[in-house]
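# Architecture at a glance
Chain by chain, the residues:
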Amino acid sequence: MTRIFSGIQPSGELHIGNYLGAVKNWVQLQTQHPGAIFCIVDYHALTGIYEPQSLRKRTYDMAVSLLAAGIDPAHATLYVQSAVPEHTELAWIFNTITPVGELERQTQYKDKASRQESVLAGILNYPVLQAADILLYKADAVPVGEDQVQHLELSREIARKWNTRFSPEGAPYFPEPKALLTPTRRIMGLDGQAKMSKSMGNTVGLLEDSDSVWAKLRPAVTDPARVRKTDPGTPEVCNIYHLHKAFSPPPVVEEVAVKCSTAGWGCIECKKVLFEHMETELVPIRRRASELRDAPERVTEILATGAERCREIAGQTMREVKEAMGMLG
Ligand code: SF4
């Protein structure tokens, strides 16, 4: 049986960019791979600038979003990382076998280091904690986007190093986790920027009400070549077309491509059709979120049950790891 593990930052409510880029895929994977583990990675969140007063709420809101989006505790385990301290314990152990040079070569670290004078050790060691997150549960496969492939390769390297040095009787103890590349969706920000991100204020929240979604969609950037309704457009360069691909059925997507490239309709008509299809998918998600908000004890219970299950697996892994490494504790 393939065990899937994936994590997401406690950034509050999901927006449609991270829903389409990761979570929608998780919802499908949880039925194909029973026993999948999904983690809200609050230890990782500490490496960024954050407000302690809001972290708890953002973590809770992320849990509500994930459950509303379709993560189902009957199929998968959902929990908060800091409820399982073994993550940091295994990360420390992995730090002792990971050369600093390998961490310094990670693109995300180099990016940050080139923009900041002082970089936190937590940012350098971030991929080591990621390796611990995955290997603590001996996960074989990790759904990731292209930008995380390098970190996952480091997890595989760490597993190999630990196995070579400590695996009992030569049999590899940790699996080398494979990347399950998430089908890429080119969702840009509504303002036309390359990325949809809360900090850039160009997102549509997964749980936003209908009026607010339309208010954001209506002025959203389209193909800049379509100045007048009579100008033919190029669907592939338009974010609205890519949103159609994510939300509308294939015959509608085909129709959009034809009507756009032949100037058969205006962008507002195109957006209205998109809005209807988004509503079909998002209304049930909003309804589930509202039910969960009315029963917060249900969310707390799901997270507590998830953490308990993970602590059992993690505890067993740590006992075996420590024994193999000759530790007495
Ligand atoms: Fe984009 Fe639709 Fe306008 Fe074409 S018609 S540019 S796909 S919004």
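The rules behind these values
- Residues numbered from 1 in each chain as written.
- Predicted model: local features only at pLDDT ≥ 70, side-chain atom pairs only at ≥ 80, totals over all residues.
- UniProt positions renumbered as here; feature names shortened; annotations may be inferred.
- Helix = DSSP H or I, 4+ residues; strand = E, 2+ residues; numbered from the N terminus.
- Rg over C-alpha atoms; globule rule 2.2 N^0.38 Å.
- Buried ≥ 20, exposed ≤ 12 C-beta atoms within 10 Å, placed from the backbone.
- Contact = placed C-beta atoms within 7 Å.
- Pairing = 2+ DSSP bridges.
- Axes fitted to C-alpha atoms, helices over the stretch in contact; angles between N-to-C directions.
- Near = placed C-beta within 6 Å.
- Nonpolar A, V, L, I, M, F, W, Y, C, P; charged D, E, K, R; others polar.
- Core = buried A, V, L, I, M, F, W, Y, C linked by C-beta atoms within 7 Å.
- Domains from an automatic or database assignment.
- Right-handed = clockwise from strand over helix to strand, strands pointing away.
- Parallel < 35°, antiparallel > 145°, perpendicular 65-115°, else oblique.
- Left-handed = near helix turned anticlockwise from the far one by under 90°.

- The name recorded for the chain in an unreviewed UniProt entry is Tryptophan--tRNA ligase, from Gemmatirosa kalamazoonensis.
- In its Subcellular location (unreviewed entry) section, UniProt records this for the chain: "Cytoplasm".
- Here is the UniProt Subunit (unreviewed entry) comment for the chain, exactly as written: "Homodimer."

### Some words on the overall build of the chain
- Along the backbone of the chain there are 14 helices and five strands.
- In summary, the chain has a C-alpha radius of gyration of 22 Å against a globular reference of 20 Å for 329 residues, a match within 12%.
- Counting only C-alpha atoms, the chain reaches 75 × 45 × 40 Å along its principal axes.
- Expressed as a percentage of the 329 residues in the chain, the buried residues total 36%.
- Contacts in the chain between residues at least 24 apart in sequence constitute 76% of all its contacts with a sequence separation of at least 6.

### Here we look at the sheet that holds strand β1 (residues 5-8)
- In spatial order, the strands read β1-β2-β3; together these three strands make up an open sheet with parallel pairing. Only two strands of the sheet have a single neighbouring strand rather than two, namely β1 and β3 (77-80). When strand polarity is set aside, the average angle formed by the axes of neighbouring strands in this sheet is 20 degrees.
- Looking at chain direction, strand β2 (residues 37-40) and β3 are connected through four bridges and run parallel. What sits directly across from Cys-39, in β3, is Tyr-79.
- Relative to the sheet, helix α14 (residues 296-324) contacts β2 and β3, its axis offset from that of β3 by approximately 95 degrees.

### Let's talk about the site of the ligand
- Around the ligand sit 13 residues in total, of which Gly-233, Cys-238, Cys-260, Cys-267 and Cys-270 are the nearest.
- With three residues, helix α13 (residues 267-294) is the single largest residue contributor to the shell around the ligand.
- Among the residues forming the shell around the ligand, the class breakdown is eight nonpolar, two polar and three charged.

### Here we look at unusual backbone geometry
- The phi dihedral of Lys-138 falls on the positive side, at around 50 degrees, and the residue is not glycine.
- Looking at the secondary structure, you find Lys-138 in the loop between α8 (126-135) and β4 (141-144).
- On the neighbour-count criterion, Lys-138 (16 C-beta atoms within 10 Å) is partly exposed.

### Some words on the nonpolar core
- One finds Ile-37, Phe-38, Leu-66, Leu-78 and Ala-132 to be the most contacted residues of the largest nonpolar core, which totals 77 residues.
- Viewed by domain, this core spans two of them, domain 1 (5-186 + 296-324) and domain 2 (208-289), each represented by three or more residues.
- Ignoring anything within four residues of it in the chain, the contact list for Leu-78 reads Phe-38, Ala-63, Leu-66, Ile-71, Pro-73, Ile-302, Leu-303 and Gly-306.

### Details of the UniProt feature "short sequence motif: 'HIGH' region" (unreviewed entry) in the chain
- Those places that UniProt annotates as "short sequence motif: 'HIGH' region" (unreviewed entry) correspond, in this numbering, to residues 10-18.
- As a span, residues 10-18 carries 33% helix and 0% strand, and end to end its C-alpha atoms are 12 Å apart.

### Examining the pairing of β2
- Neither face of β2 is exposed, since Ile-37 and Cys-39 on one face and Phe-38 and Ile-40 on the opposite face are all buried.
- The handedness of the β1 to β2 crossover, carried by helix α1 (residues 16-32), is right-handed.

### Some details on the packing of helix α4 (residues 86-95) against α8
- At a minimum axis distance of 8 Å, the contact between α4 and α8 shows a crossing angle of 120 degrees. Regarding the angle of α4 to α8, the classification is oblique. Note that α4 runs across α8; the crossing there is right-handed. Packed against α4, whose contacting residues are His-87, Leu-90, Ala-91, Phe-94 and Asn-95, the element α8 presents Val-128, Leu-129, Ala-131, Ala-132, Asp-133 and Leu-135 at the interface.
- In terms of residue class, the contact of α4 with α8 is built from eight nonpolar, two polar and one charged.

### Observations regarding helix α11 (residues 239-247)
- Those residues of α11 that fall on the buried side of the exposure criterion are Asn-239, Ile-240, Tyr-241, Leu-243, His-244 and Phe-247.
- Residues of α11 that are buried make contact with α12 (250-261) and α13.

### So, the domain arrangement of the chain
- Taken domain by domain, the chain holds domain 1 (5-186 + 296-324) and domain 2 (208-289).
- Facing seven residues of domain 1, the contacting portion of domain 2 comprises five residues.
- Considering each element in turn, the side of domain 1 that touches domain 2 owes the most residues, four residues, to helix α3 (residues 52-69).
- Class assignment of the residues belonging to the side of domain 1 that touches domain 2 gives a composition of four nonpolar, one polar and two charged.

### A closer look at the packing of α4 against α14
- In contact at an axis separation of 10 Å, α4 and α14 are set at 25 degrees when each is read in the N-to-C sense. Comparing the axis directions of α4 and α14 gives the class roughly parallel. α14 is crossed by α4, and the crossing has left-handed handedness. Residues Glu-86, Glu-89, Leu-90 and Ile-93 of α4 touch α14, and the partners they reach there are Ala-314, Gly-315, Met-318 and Val-321.
- Class assignment for the residues of the contact of α4 with α14 results in five nonpolar, one polar and two charged.

### Description of the environment of Arg-287
- In this structure, Arg-287 sits in helix α13.
- Looking at Arg-287, the number of C-beta atoms within 10 Å reads 11, which means it is exposed.

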